[in-house]
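Secondary and tertiary structure notes
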Amino acid sequence: EAAVTQSPRSKVAVTGGKVTLSCHQTNNHDYMYWYRQDTGHGLRLIHYSYVADSTEKGDIPDGYKASRPSQENFSLILELASLSQTAVYFCASSELGGSQNTLYFGAGTRLSVL
Amino acid sequence: AQSVTQPDARVTVSEGASLQLRCKYSYSGTPYLFWYVQYPRQGLQLLLKYYSGDPVVQGVNGFEAEFIKSNSSFHLRKASVHWSDSAVYFCAVSQNSGGSNYKLTFGKGTLLTVTP
């Protein structure tokens, strides 16, 4: 069964600090994504990647960096965390990048920036 | 630009009752449409998707949805809900393209509560 694992599951960070969220998939999928979920909003795409060592900007990339060191791993980096980045972050993978493809999501990371 | 509207932020139904969760999309062409479900403390899971053919698509756990192009709608239905259906349901739309440069747009979600 497809599996996407995120760590940590929750984190409290201080304003201005560096935060790294990690994602690992065992699906052998080429595509990986980072989404942000805020109360009252749908999921919004931050960054995605379709091959190791390459990342692409999504709809809301400002304040975030991404890293894809291998097919299995995809990290989201907040160099200077801000209050507005408090949210739940979801990682997802898909076999292909086409519109028909199903996304497989991790359980999410709840980030609180204080 | 494509968009998705789920007009009901919260829906409460009794166990055994029928269910309809509404979704309307905005897209200039023929879209690909999805319903995802998020159970408590879990990530999203695909319920069903539509991209061509029969406008009524069947999903897991007895869910179905109907694509009505004239109304730009893709409402989710279930004949008889169970308490375990309590979750947040997201409608999503993507462009009808086989290329890699696609965009999946989610609605804000509808929180479904099934009462005894």
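Residues numbered from 1 in each chain as written. Chains lettered and ligands numbered in written order. Predicted model: local features only at pLDDT ≥ 70, side-chain atom pairs only at ≥ 80, totals over all residues. Heavy atoms only, no water.

Some words on the overall build of chain A
Helices and strands together make up the secondary structure of chain A, namely zero helices and eleven strands. What you see in chain A, going N to C, is helices and strands ordered as β-β-β-β-β-β-β-β-β-β-β. Taken over the C-alpha atoms alone, chain A extends approximately 35 × 30 × 25 Å along its principal axes. The buried share of chain A, taken over its 114 residues, is 50%. Pairs at least 24 apart in sequence give 55% of the contacts found in chain A among residues at least 6 apart. (Helix = DSSP H or I, 4+ residues; strand = E, 2+ residues; numbered from the N terminus. Buried < 20%, exposed > 50% of the residue type's maximum accessible area, 1.4 Å probe, protein only. Contact = heavy atoms within 4.5 Å.)

As for the state of the cysteines
All names here are of chain B. Evaluation of the coordinates by the stated rule reveals two disulfides over all chains. Here Cys23 pairs with Cys91 through a disulfide, and the sulfurs are 2.0 Å apart. Residues Cys23 and Cys91 are joined by a disulfide whose S-S torsion is about -65°; by sign, that bridge is left-handed. One end of the pair, Cys23, is in the loop between β3 (19–21) and β4 (24–26); the other, Cys91, is in strand β10 (residues 87–94), and 68 residues separate them in sequence. (Disulfide = S-S within 2.5 Å.)

Some words on the packing of aromatic side chains
Residues and elements named next belong to chain A. Within this structure, the stated rule accounts for 18 aromatic pairs over all chains. Geometrically, the ring pair formed by Tyr31 and Tyr50 is tilted, given 5.9 Å between the ring centres and 40° between the ring planes. Here Tyr50 lies in strand β5 (residues 43–51) and Tyr31 lies in strand β4 (residues 31–37), a separation of 19 residues in the sequence. For Tyr31, a relative accessible area of 10% puts it in the buried group. Relative accessible area serves as the criterion here: at 37%, Tyr50 is assigned to the partly exposed category. (Phe/Tyr/Trp six-rings, centres within 6.5 Å; stacked < 30°, edge-to-face > 60°.)

Observations concerning the pattern of salt bridges
Residue and element names in this part refer to chain B. Per the stated rule, a full pass over the model turns up seven salt bridges over all chains. Salt-bridge contacts for Glu66 lead to Arg77; the nearest nitrogen and oxygen are separated by 3.0 Å. Taken together, the residues span a long stretch of sequence, with Glu66 in strand β8 (residues 64–68) and Arg77 in strand β9 (residues 73–78) at a distance of eleven residues. Given the relative accessible area of 25%, Glu66 is considered partly exposed. On the basis of relative accessible area, Arg77 is assigned to the partly exposed category, the value being 24%. The salt bridge partner of Lys78 is Asp85, with a shortest N-O separation of 2.8 Å. (Salt bridge = Lys/Arg side-chain N within 4 Å of Asp/Glu carboxyl O.)

Things to note about the environment of A:Gly16
As for its placement among the helices and strands, A:Gly16 is situated in the loop between β2 (10–13) and β3 (19–25). Residues A:Gly16 and A:Leu80, spaced 64 residues apart in sequence, show a C-alpha to C-alpha distance of 4.4 Å.

Looking at the sheet that holds strand β8 (residues 73–78) of chain A
Residues and elements named next belong to chain A. The strand order β1-β3-β8-β7 describes an open sheet built from four strands, whose pairing is antiparallel. The open sheet is flanked by β1 (4–7) and β7 (65–67), the only strands paired with a single partner. The average angle at which neighbouring strand axes cross in this sheet is 20°, direction not considered. Pairing of β1 with β3 involves four bridges; the strand directions are antiparallel. Looking at the pairing, Val4 lines up with Gln25 of β3. (Pairing = 2+ DSSP bridges. Axes fitted to C-alpha atoms, helices over the stretch in contact; angles between N-to-C directions.)

Some points on the nonpolar core
All names here are of chain B. Leu19, Trp35, Leu47, Leu48, Phe74, Leu76 and Tyr89 are the most contacted members of the largest nonpolar core, which has 27 residues in total. Put simply, the parts of the chain that give this core at least two residues each are β2 (10–14), β3, β5 (32–38), β6 (44–50), β8, β9, β10 and β12 (110–115). Broken down by element, this core gets its largest block of residues, four residues, from β10. If sequence neighbours within four positions are ignored, Tyr89 has contacts with Gln6, Leu21, Trp35, Tyr36, Val37, Leu47, Phe63, Leu76, Gly109, Thr110 and Leu112. (Core = buried A, V, L, I, M, F, W, Y, C linked by side-chain atoms within 4.5 Å.)

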